[in-house]
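Descriptive structure summary
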Amino acid sequence: MSVPTAALESSICAPLPVLGKNVTVPLVTGGEVTYAALDYAASAPALQRVWDDVAAYAPYYGSVHRGAGYLSQLSTDLFENSRRTVAEFLGCRADDQVVFTRSTTDSLNLLAAAIPADCQVFVYETEHHASLLPWRDARVTYLNAPRTPAQAVESLERALADRDPYGPALVCVTGASNVTGELWPVKELAAAAHAHGARIVLDAAQLAPHHPVDIAELDVDWVAFSGHKLYAPFGSGVLAGRADWLQAAEPYLAGGGASRKVARRADGGVDVDWHTTAARHEAGSPNVIGVYSIASACKALTEAGFEGLVAREQELVGRVREGLAEVPEVQVLSLFGDDAPRVGVISFVVRGWNSSHFAAALSAEYGIGVRDGLFCAHPLVRTLLGSDPQDPGECGAPDAEPGERSLNAIRVSFGAGTPDEHIDRFLRAVSELVREGARWNYRTEDGRCVPDRGEAAQVPDTF
């Protein structure tokens, strides 16, 4: 998969309005500054359009599917129309199902519970933990990190050809890395999977917010993503794709909504007739507002012109990479090399800095929010840093004091709502911190690097 040439040649969109764009935060050095949210890969700010749509619906809130009242019927229509909107956004096939979940993690765990009992799963060590870990009850083959897209396809083909016994198989792969932002060759991997009788699920958590995703065009069997990365509030997600394995599996949750008919037996037991629609895996009262917010985000991105959004983001990616390249102490992490297409997710380390210390200084002294740690992709980050797989280190927690080398990295991520000023401030801050050092003293507290309140660093007069 690559960034479409047409997208790069199209008119670049202005940043989309997002919540929090005018929030100010205090600096340890004094005063306040508008917060620069550059942690989109963790959670993107909600689009203003999404928030407005949710606010407009809120007075009409009602329970779905089982209410006879007007508000319940209205909410049911809104819920099911949202399902159709998401299906259109993803280019679903006519017989695909869209199941609403809590997140990408929930979606992939749902699929893991639905795969055939003798299914073998193939997953790269480069995956986010949400797609690396759910397959606990399956036979799993973990593939080593490839260093080129072609190598990714070749290693998958070899593994699938060598599997024994030759039965049902599932490949799980990310669309865009949550560490490097690099795009994976999804269409080629899908073709390889299908050529060997396997199915494929696409973790689109980092892809869908930055790049169009078309299930039919990519020829993947399922797609999973989270609302909170697609400019919607927390607590909603999607698993979309083929219905047969989902219909054959026991319901992910047992309860109301998943059951079509329940009757007592003569022996005192209970017989249950489960739904065969998406409702089979949506037991309980659903997150209607969360579902509607995902649909609203899908509409907003489509109506804004996704090609223009991609073009602007690629411009920002180029600026960030060029700016970081001007600082010799900065090492950008990459699997596929500098020329690999990528979305607005870039991780790096700074020579002479603990990554958590650097991220803390960006926040405390510049009002810039980035992420530090292993990004819930421990094997990948350790591979990229050239460390031993058994080295210590935790997701989001430093393993060294400020000033000491750390296993962790720093991640800057951005998207449709990022203004130019945030990118400019980030690059200026990186350059200044490397050149001049932090202006404040920091300490490790509860596993986090935080500023010592009231203790400015001793900065030489020459600075």
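Above this text sits the structure in question.
Residues numbered from 1 in each chain as written. Predicted model: local features only at pLDDT ≥ 70, side-chain atom pairs only at ≥ 80, totals over all residues. Heavy atoms only, no water.

Details of the packing of aromatic side chains
The relation between two aromatic rings is expressed through the spacing of the ring centres and the mutual angle of the planes. Here the structure, examined in full by the defined rule, presents ten aromatic pairs. Summarising the aromatic geometry, the rings of Phe79 and Phe100 are spaced 5.5 Å apart at their centres and angled 65° between planes, so their arrangement reads as edge-to-face. Here Phe79, found in helix H3 (residues 70-89), pairs with Phe100, found in strand E4 (residues 97-101); they are 21 residues apart in sequence, far enough to count as distant. Residue Phe79 shares its accessibility class with Phe100, and that shared class is buried. On the numbers, 6.1 Å between centres and 65° between planes, the contact of Phe348 with Phe426 is edge-to-face. Placement of Phe348 in strand E14 (residues 345-350) and of Phe426 in helix H14 (residues 420-436) is noted, with a sequence separation of 78 residues between them. Three or more aromatic residues joined by ring pairs make a cluster, and in this case those are Phe348, Trp353, Phe358 and Phe426. (Phe/Tyr/Trp six-rings, centres within 6.5 Å; stacked < 30°, edge-to-face > 60°. Helix = DSSP H or I, 4+ residues; strand = E, 2+ residues; numbered from the N terminus. Buried < 20%, exposed > 50% of the residue type's maximum accessible area, 1.4 Å probe, protein only.)

Focus: the nonpolar core
Counting 84 residues, the largest nonpolar core has Leu90 and Phe225 as the members making the most contacts within it. For Phe225, the residues in contact, after removing those within four places along its chain, are Val86, Leu90, Ser103, Thr104, Ala204, Ala205, Ala208, Leu230, Gly237, Val238 and Ile294. Counting residues in each nonpolar core, the second largest holds 35 residues, with Val320, Ala360, Ile410 and Ile423 among its members. (Core = buried A, V, L, I, M, F, W, Y, C linked by side-chain atoms within 4.5 Å. Contact = heavy atoms within 4.5 Å.)

Points about the state of the cysteines
Under the criterion given, the structure shown has zero disulfides. Cys119 takes part in no disulfide bond, and the closest cysteine sulfur, belonging to Cys172, lies 11 Å away. Cys119 gets classed as buried once you look at its relative accessible area, which sits at 1%. (Disulfide = S-S within 2.5 Å.)

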